[in-house]
Amino acid sequence: MKIKIKFAKGIFSLITIVILTVAFGLSASAHTLQAWANYYTPNHANSNSGYRFTIENWNHMNGSSINYVWANNTTQTTFGTALSQAFSSSWGGMISGSNTTSANAHLRIAYDSITQPTGIAAIAPINGGDANKHFRQGLQSHGSHDSGILFYMDSANYSADIKKQLTAHELGHLWGIEDLYRHGFTNLESIYSQPYAYNTATRHDKNAMYIGLNNPWFDDGTGNGWKRLKSPGVFAVNEWHDGYYFNSNGYWT
């Protein structure tokens, strides 16, 4: 499967997100995105102002840290800073990555300096996964790594900010976040609806990422606190859940 992003020219703070990541923890247990994909559809995202994201049940990363390998030095030199900033700034430290060997990598990052398809800046090929649809490390029987990012020719000439936006967008696909613009929804508050309109992932994008991380916390944008999704569309209310108490309005207290 290849996920494409159209060519274009182009809420919580980082500290809060990091604290939440440490305090709440990230489950490394096997999980499926099927039920989430069934509920969080593109049409639902467009009609429901409470969230602006969509989930797809494809092979995805298990856990918050992904191992990657650069295809060559040119790719690393051209996009290395963008990748680092995408992890730390665009996603606020919710996800991270380690540069490693091909044998230990889930993800291969490459740059095609010759090809420039019309309307495509980069793709995130998703080539396979294990029985739980989780990316494996190293080359697999299909002849490649289970996941990747491939930048095309013109992307090397983008500004530093657009490279970061592009990279952050592609990373989210690897945790199960689907494009909204591909379904015709191009005016929603999301980097998957308006890829170059936001310098960082929006709260909607981060809510989707928490689902991909199997740690579904939810920021409704009111500033009243965090909610917890027990299942797709169902919040914890007047109860303890995962060791935290949620009040009558569904906020963690």
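Below or above, wherever it landed, is the structure these notes cover.

## Considerations on the pairing of strand 5 (residues 120-125)
Part 1 of the reasoning: Within strand 5, six of the six residues are buried, leaving the element largely enclosed by the surrounding structure.
Part 2 of the reasoning: The pairing of strand 5 with strand 6 (residues 147-151) spans two bridges and is antiparallel. Opposite Ile 123, over in strand 6, you have Leu 150 as the bridge partner.

## Digging into unusual backbone geometry
Part 1 of the reasoning: Located in the positive-phi region is Lys 133, a residue other than glycine, with phi close to 65 degrees.
Part 2 of the reasoning: Looking at the element boundaries, Lys 133 is found in the loop between strand 5 and strand 6.
Part 3 of the reasoning: You will see that Asn 238, though not glycine, has its phi angle at about 55 degrees, which is positive.
Part 4 of the reasoning: Along the chain, Asn 238 falls in the loop between strand 9 (234-235) and strand 10 (239-241).

## A few points about the environment of His 134
Part 1 of the reasoning: Mapped onto the fold, His 134 is located in the loop between strand 5 and strand 6.
Part 2 of the reasoning: The sequence separation of His 134 and Asn 62 amounts to 72 residues, and the corresponding C-alpha distance is 5.7 Å.

## Here's the deal with the nonpolar core
Part 1 of the reasoning: One finds Ile 55, Trp 91, Leu 171 and Leu 174 to be the most contacted residues of the largest nonpolar core, which totals 57 residues.
Part 2 of the reasoning: Residue contacts for Leu 174: discarding those within four places in its chain leaves His 60, Met 61, Ile 66, Leu 107, Ala 124, Ile 126, Phe 135, Ser 147 and Gly 148.

## As for the layout of surface pockets
Part 1 of the reasoning: A volume near 190 Å³ is recorded for the largest pocket.
Part 2 of the reasoning: What lines the largest pocket is a set of 13 residues, among which Arg 108, Pro 125, Asn 127, Ser 144 and Gly 148 lie closest to the centre.
Part 3 of the reasoning: Elements with a contribution of two residues or more to the lining of the largest pocket: strand 4 (107-111), strand 5 and strand 6.
Part 4 of the reasoning: For the lining of the largest pocket, the element with the highest residue contribution is strand 6, accounting for four residues.

## Structural notes on the pattern of salt bridges
Part 1 of the reasoning: Taken as a whole, this structure holds five salt bridges when the rule is applied.
Part 2 of the reasoning: Note that Asp 146 is salt-bridged to Arg 136, the shortest N-O span being 2.8 Å. Taken as a pair, Asp 146 in the loop between strand 5 and strand 6 and Arg 136 in the loop between strand 5 and strand 6 lie far apart in primary sequence, 10 residues in all.
Part 3 of the reasoning: The class for Asp 146 is buried, based on a relative accessible area of 0%.
Part 4 of the reasoning: Close ionic contact of Lys 230 with Glu 239 constitutes a salt bridge, the shortest N to O distance being 3.1 Å.

Criteria and cut-off values
Within every chain, residues take consecutive numbers counted from 1 along the sequence as written. Local features in this predicted model are restricted to residues whose pLDDT is 70 or higher, and side-chain atom pairs enter the listing and the counts only when it is 80 or higher, whereas totals over whole chains, interfaces and linings include all residues. For side-chain calculations, the full set of non-hydrogen atoms in the structure is used, while hydrogens and water are omitted. Only protein chains enter the accessibility calculation, which uses a 1.4 Å probe; a residue is then buried when its area is under 20% of its type maximum, exposed when over 50%, and partly exposed in between. Think of it this way: any DSSP run of H or I at least four residues long counts as a helix, any run of E at least two long counts as a strand, and we number them from the N terminus. Strand pairing is defined by DSSP finding a minimum of two bridges between the two strands. Note on terminology: a nonpolar core comprises buried Ala, Val, Leu, Ile, Met, Phe, Trp, Tyr and Cys residues joined through side-chain atoms within 4.5 Å. Contacts: residue pairs with any heavy atoms within 4.5 Å of one another. Put plainly, a pocket is an open set of points on a 1 Å grid over the protein atoms alone with protein on both sides within 12 Å along at least five of seven lines, a cavity is a set where a 1.4 Å probe fits but cannot get out, and a lining residue has an atom within 4 Å of a point. Grid points are joined across faces, edges and corners, and a volume is the space filled by probe spheres set on the points. In the sections that follow, a salt bridge refers to a side-chain nitrogen of Lys or Arg positioned within 4 Å of a carboxyl oxygen of Asp or Glu.

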